[in-house]
Amino acid sequence: MKNNAKKYISILYSTPFGVLLIIFALFPFVLNLAMSFTNYGLMRQDWNFVGIKNYVDILSDQTTWKAIRLTIVFIIGCVGLTMLLGMFYAIIMTFKIKGISIIKALILMPWIIPESVTAYVWKWLFSADTGLIYYILLRLGVIPEGTSFFFNGNLAMLMVILANVWRTAPFVAIMTYAKLTAVPDSQIEAAKIDGASSLQAFAYIKIPWIMPIVERCIMLSIIYILTNGGPAGDTTTLPYLIRQAGFVNFNFSRAATLSAVSLLIILFVFGVVRIVFMLAKKITKRR
């Protein structure tokens, strides 16, 4: 009887969460999926079931394929650089030196700054008229006069990637730093007794130790990237197309279809990331 009572109490306690999950997650997901098979829009007086017409229209539109290509470039650039810079930050944060608290505060500051402020700061720094970094690069001869970081397609995408990396790397640093500080000292000491150098101890003990958190950070970064938009033109990604379709053109059926396509891309990328990490674990175990 006591076990049954505990079971019912646990179900009772989890019921509010389950109800909220259904209302705010499951129901919108099903509604979005159903809407992608209609021609529903705010500017329409009536709407009908159109089957897979929206998917055919989107996949036959060159704008969509361009956005998918740019989204992939954005993901690879952002996730790769964010992981490298975040891990570099985390290693620095483990140093026991004077003024490390100030260094930690400076490292974590970009994560605290709102996204809109980050965008304006980067625009100001690289502006051809008033940009400090632009002026320095120009004087050093790195860039020719008249270079525009925001009107050149490739440079604009680079700026978006670097700004996103600068802002999100501290999050990866926090997660990685927490994992690095949890590495047992006994394992490091045992490795050094066996003759391992500091670099070898880091490569064969600390790196495998932080790999699970790195995998999670990669997946979280992918979700973050695919749920936040970029500027128009040569940096238009899928989230930006979704925003344009839904909240500018009020074509909710097209926005729902693009969201479904984004979900498929997320699942595909997650699968690839998972396979890569599983193969990495097998190779590490063999060694």
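Residues numbered from 1 in each chain as written. Predicted model: local features only at pLDDT ≥ 70, side-chain atom pairs only at ≥ 80, totals over all residues. Heavy atoms only, no water.

A. Structural context of the overall build of the chain. Looking only at helices and strands, the chain has 11 helices and 0 strands in total. For the chain, the succession of helices and strands along the chain, N to C, is α-α-α-α-α-α-α-α-α-α-α. Taken across its 287 residues, the chain has 34% of its residues classed as buried. Restricting the contact set of the chain to residue pairs at least 6 apart, pairs at least 24 apart contribute 64%. Accessible surface for the chain amounts to roughly 18500 Å². Of this, 69% is attributable to carbon and sulfur atoms. (Helix = DSSP H or I, 4+ residues; strand = E, 2+ residues; numbered from the N terminus. Buried < 20%, exposed > 50% of the residue type's maximum accessible area, 1.4 Å probe, protein only. Contact = heavy atoms within 4.5 Å. Areas by Shrake-Rupley, 256 points an atom, 1.4 Å probe, with all protein chains shown as cover.)

B. How the structure looks around the packing of aromatic side chains. Here the structure, examined in full by the defined rule, presents 8 aromatic pairs. With a centroid separation of 6.2 Å and an interplanar angle of 65°, the aromatic rings of Trp 122 and Trp 166 are classed as edge-to-face. You can see Trp 122 sitting in helix H5 (residues 115–125) and its partner Trp 166 sitting in helix H7 (residues 153–180), a full 44 residues away along the chain. Trp 166 sits in the partly exposed class, given a relative accessible area of 27%. Ring centres of Phe 126 and Phe 149 lie 5.2 Å apart, and the angle between their planes is 70°; on these two criteria the pair is classed as edge-to-face. Of the two residues, Phe 126 sits in the loop between H5 and helix H6 (132–140) while Phe 149 sits in the loop between H6 and H7, which places them 23 residues apart along the sequence. Of the two residues, Phe 126 and Phe 149, neither departs from the other in class, the shared state being buried. By the ring-pair criterion, three or more aromatic residues cluster together here, those being Trp 122, Phe 126, Tyr 134, Phe 149 and Trp 166. The ring centre of Trp 111 lies 5.2 Å from the NZ or CZ of Arg 167, which sits over that ring. (Phe/Tyr/Trp six-rings, centres within 6.5 Å; stacked < 30°, edge-to-face > 60°. Lys NZ or Arg CZ within 6 Å of the ring centre and 35° of its normal.)

C. Highlighting the pattern of salt bridges. This structure, assessed with the given rule, holds 2 salt bridges. A salt bridge links Lys 53 to Asp 57; the nearest nitrogen and oxygen atoms lie 2.8 Å apart. Linking Lys 53 with Asp 57, this pair stays in helix H2 (residues 53–59), spanning 4 residues, or about one helical turn. Its salt-bridge partner being Asp 61, residue Arg 254 comes within 3.1 Å of it at the nearest N-O pair. Placement of the pair is Arg 254 in helix H11 (residues 252–286) and Asp 61 in the loop between H2 and helix H3 (62–93), with a sequence separation of 193 residues. (Salt bridge = Lys/Arg side-chain N within 4 Å of Asp/Glu carboxyl O.)

D. Region of the structure containing the side chain of Thr 168. Within the secondary structure, Thr 168 is located in helix H7. Here Asn 164 takes part through its backbone oxygen, which lies 2.7 Å from a polar atom of the side chain of Thr 168. (Polar contact = N/O pair within 3.5 Å; in protein donor to acceptor, adjacent residues only side chain to side chain.)

E. Spotlight on the nonpolar core. Among the nonpolar cores identified, the biggest contains 25 residues, and Met 83, Ile 210, Val 214, Leu 238, Leu 258 and Ile 265 are the most heavily contacted of them. Those elements that provide at least two residues to this core are H3, H7, helix H9 (198–225), helix H10 (238–248) and H11. Counting 8 residues, the second-largest nonpolar core is a separate cluster that includes Leu 125, Phe 126, Ile 143 and Ala 163. (Core = buried A, V, L, I, M, F, W, Y, C linked by side-chain atoms within 4.5 Å.)

F. Local environment of unusual backbone geometry. Phi at Phe 250 takes a positive value of approximately 55°, unusual for a residue other than glycine. Structurally, Phe 250 is set in the loop between H10 and H11. On the basis of relative accessibility, which here comes to 31%, the residue Phe 250 falls in the partly exposed class.

G. Quick peek at H5. Looking only at H5, the buried set comprises Thr 118, Trp 122 and Leu 125. The buried residues of H5 all sit within an arc of 65° when viewed along its axis, so they share a single face. Residues of H5 that are exposed and point more than 90 degrees away from the buried face comprise Tyr 120 and Lys 123. (Arc of directions from axis to C-beta.)

H. Structural context of the packing of H3 against helix H4 (residues 100–112). Remark: H3 packs on H4, axes separated minimally by 10 Å, with the N-to-C direction vectors making an angle of 160°. If you check the angle between H3 and H4, you find them roughly antiparallel. H3 and H4 meet at a crossing whose hand is left-handed. Judged by residue contacts, Tyr 89, Ile 92 and Met 93 of H3 engage Ile 100, Ile 103, Lys 104, Ile 107 and Leu 108 from H4. Looking at side-chain class alone, the contact of H3 with H4 contains 7 nonpolar, no polar and 1 charged residues. (Axes fitted to C-alpha atoms, helices over the stretch in contact; angles between N-to-C directions. Parallel < 35°, antiparallel > 145°, perpendicular 65-115°, else oblique. Left-handed = near helix turned anticlockwise from the far one by under 90°. Nonpolar A, V, L, I, M, F, W, Y, C, P; charged D, E, K, R; others polar.)

I. Examining the confidence of the model for the chain more closely. When pLDDT is averaged along the chain, the result is 81, and 90% of the positions lie at 70 or above. Of all secondary-structure elements in the chain, the lowest mean pLDDT belongs to H9, at 69, while H2 reaches the highest, 90. (pLDDT = per-residue confidence, 0-100.)

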